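# Remarks on the overall topology
The primary structure of each chain is shown beneath.
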Amino acid sequence: MAKMWAGRTSGVTDSIADDFNSSLRFDHRMYRQDITGSMAHAAMLGEQGIISRQEADRLIGGLEGILRDLDSGALDFDPSCEDIHMFVEQVLTERLGDVGKKLHTARSRNDQVALDIRLYLRQEIDEISALTRELLKTVVDKAEEYKDAIMPGYTHLQRAQPVTFGHYLMAYAMMLQRDLGRLADCRRRMNLSPIGCCALAGTTYPTDREMEAAALGFDGVCLNSMDGVSDRDFALELLSALSVEMMHLSRFSEEIILWCSWEFGFVELSDAFTTGSSIMPQKKNADMAELVRGKTGRVYGELMALLTTMKGLPLAYNKDMQEDKEGLFDGCDTVKMCLRVFTGMVATLRARRENMLAAAQKGFINATDLADYLVGKGLPFRSAYKISGELVAWCIAHGQVLETLPLEVYREHCELFDEGLYEAIDLRRCVALRTSQGGTSVSSVEAQIASMRQFLNE
Ligand code: ARG
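Residues numbered from 1 in each chain as written. Predicted model: local features only at pLDDT ≥ 70, side-chain atom pairs only at ≥ 80, totals over all residues. Heavy atoms only, no water.

### Quick notes on the packing of helix 11 (residues 287–310) against helix 12 (residues 324–347)
Packed helices, taken two at a time, are described by their axes: the angle between them and the distance between them. At their nearest, the axes of helix 11 and helix 12 sit 9 Å apart, and the two run at 160° to each other. Viewed along their axes, helix 11 and helix 12 adopt a mutual orientation that is roughly antiparallel. Judged by the twist between their axes, the crossing of helix 11 over helix 12 is left-handed. Of the residues in helix 12, those touching helix 11 at M288, A289, V292, K295, R298, V299, E302 and L306 are D324, G327, D330, G331, T334, V335, M337, C338, V341, F342 and M345. Among the residues making up the contact of helix 11 with helix 12, the classes are represented as 11 nonpolar, three polar and five charged. (Axes fitted to C-alpha atoms, helices over the stretch in contact; angles between N-to-C directions. Helix = DSSP H or I, 4+ residues; strand = E, 2+ residues; numbered from the N terminus. Parallel < 35°, antiparallel > 145°, perpendicular 65-115°, else oblique. Left-handed = near helix turned anticlockwise from the far one by under 90°. Contact = heavy atoms within 4.5 Å. Nonpolar A, V, L, I, M, F, W, Y, C, P; charged D, E, K, R; others polar.)

Here you go:
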């Protein structure tokens, strides 16, 4: 069968070329957006007298019927169609006759596809934002539960200073909050309508682009028709925001995997979010976290692929751009799946407070506080730091810890030590005193939680 665009050529194409060219097998996902956009277009054409009102009504009625039949499954996609836009127009014309052929007045598939993607991604952003908020809330609830659970904080993966698990979790809450901000920024820039840019140069018909944009919930229109049909930076921005969010989930995953190991033993995942080994009966693996970490690479890949596709394209539309959709769909699907499973995993994880505290007691992580104690006695920090370090070395050499080291030994290193030092290096006190804004004390963590809850309620 000849193509709808037959004319300049016979419209008869090689079947291998057809398969290669067709995007229907993936862009059929946008049927709702395509039909909704066409309804708004028909209404605008009727309003402006470009077609009659009766014709506009018939087109809208026909489009409603197609939407209903696709939703119910009464209508199947015809794999011989080049894309979702051609498919909808073909069915409309089969059903309505010649009036169906009027729908494509004052537009082109170039502005149509740009419109459909924006409508589709806008919806995806809303879903991903809702899922991110849910995860954020879950993390904040966990932080509340463990705001006083002492654990070692690390730098270079070496035990550094005592923190609370609640403080640790709130660090991830802050990242998720910024992820939401990036999604919102991206949505704001994306929410301009390209429809009416037509093939690239605009049109001679008296269209009303603002009206069509408003009907579709856009904040305005793309002001340059060549830009409107050829820009995909809104899609790149989304993939980049998703990549950053996945990077956060991946770091969090890595920590959970470490914390679940026997070496750490800080966290126990619910059985519902772990798997066993087919050969080693003792295993309880954090597969969900590993998969989230693994899928991060895939989302980065989608970003790199689209950046590379776009980098050398002259204005305006080029068929290369058809390659944008699969990566976008996959990126959004992947992030949504990861967020759902991550929220369940975090909601059901249990921290092992005893193990966290025991680890905190082993790594000399109060050595800074010991130095600060000497500073309180009048020593300059550098000298205090040196004495504290020598005491740590002494403890390591003699298999001792600072908490139980006799006062005589302390005094051999520095005359300024007295009984008060034991209170100064008590882990609970080390945490409790870090009341600086954003610090790890219970009161500082409570303040972080309160501000995040306020954000979540807005
Ligand atoms: N299927 C195409 C895409 O996804 C639609 C636009 C095609 N326009 C064209 N002039 N061939 O990009």
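### Quick word on the packing of aromatic side chains
Taken as a whole and assessed by the stated rule, the structure comprises 14 aromatic pairs. Here a set of aromatic residues connected by ring pairs shows up, and it is made of Y146, F165, Y168 and W259. Note that R133 overlies the ring of F455, its terminal NZ or CZ placed 5.3 Å from the centroid. (Phe/Tyr/Trp six-rings, centres within 6.5 Å; stacked < 30°, edge-to-face > 60°. Lys NZ or Arg CZ within 6 Å of the ring centre and 35° of its normal.)

### Digging into helix 5 (residues 84–96)
When the terminal C-alpha atoms of helix 5 are compared, their 18 Å separation across 13 residues agrees well with the 18 Å that a helix rising 1.5 Å per residue should span. Helix 5 sits mainly inside the fold: 11 of its 13 residues count as buried. Looking only at helix 5, the buried set comprises I84, H85, M86, F87, V88, E89, Q90, V91, L92, T93 and L96. Packing partners of the buried residues in helix 5 comprise helix 2 (24–27), helix 3 (31–47), helix 4 (53–72) and helix 6 (109–145). G97, located one to two residues past helix 5, shows a positive phi value of around 80°. (Expected span 1.5 Å × (residues − 1). Buried < 20%, exposed > 50% of the residue type's maximum accessible area, 1.4 Å probe, protein only.)

### As for the pairing of strand 1 (residues 150–155)
Looking at chain direction, strand 1 and strand 2 (residues 158–164) are connected through six bridges and run antiparallel. Residue pairing across strands places Y154 opposite R159, the latter belonging to strand 2. The hairpin formed by strand 1 and strand 2 contains two residues between the paired strands, and H156 there has a positive phi angle of roughly 55°. (Pairing = 2+ DSSP bridges.)

### Some remarks on the site of the ligand
All residues adjacent to the ligand are S23, D83, H85, R109, N110, V113, Y317, Q322 and K325. Here a nitrogen atom of the ligand and a side-chain polar atom of D83 are 3.0 Å apart. Side-chain polar atom of Y317 to an oxygen atom of the ligand: 2.5 Å apart, as the coordinates give it. For the shell around the ligand, the leading source of residues is helix 6, giving three residues. (Near = heavy atom within 4 Å. Polar contact = N/O pair within 3.5 Å; in protein donor to acceptor, adjacent residues only side chain to side chain.)

### Focus on the packing of helix 4 against helix 5
For the pair helix 4 and helix 5, the least separation of the axes is 10 Å and the interaxial angle reads 115°. Along this stretch, helix 4 crosses helix 5, giving a crossing that reads as right-handed. Contact with helix 4, carried on its side by R58, L59, G62, L63, G65, I66, D69 and L70, involves F87, V88, V91, L92, R95 and L96 of helix 5 and no other residues of that element. By residue class, the composition of the contact of helix 4 with helix 5 is nine nonpolar, two polar and three charged.

### Concerning the pattern of salt bridges
Here the structure, examined in full by the defined rule, presents 36 salt bridges. Between E237 and R189 there is a salt bridge, with its nearest N and O atoms 2.7 Å apart. Pair noted here: E237 is in helix 10 (residues 233–260) and R189 is in helix 7 (residues 165–190), with a separation of 48 residues, a long-range link. In this structure, R352 engages E268 in a salt bridge whose closest nitrogen and oxygen atoms are separated by 3.7 Å. In this pair, R352 is assigned in the loop between strand 6 (350–351) and helix 13 (353–362) and E268 in strand 5 (residues 267–268), connecting sequence segments 84 residues apart. Here E268 falls in the partly exposed class, since its relative accessible area comes to 25%. (Salt bridge = Lys/Arg side-chain N within 4 Å of Asp/Glu carboxyl O.)

### Quick word on unusual backbone geometry
Each neighbour pair has its own omega, and for L315 with A316 the value is 0°, a cis peptide bond. The topology assignment puts A316 in the loop between helix 11 and helix 12. At A106, a position not held by glycine, the phi torsion is positive, near 60°. Topologically, A106 is positioned in the loop between helix 5 and helix 6. Notably, H156 is not glycine yet its phi reads approximately 55°, a positive angle. With respect to the helices, strands and loops of the structure, H156 is situated in the loop between strand 1 and strand 2.

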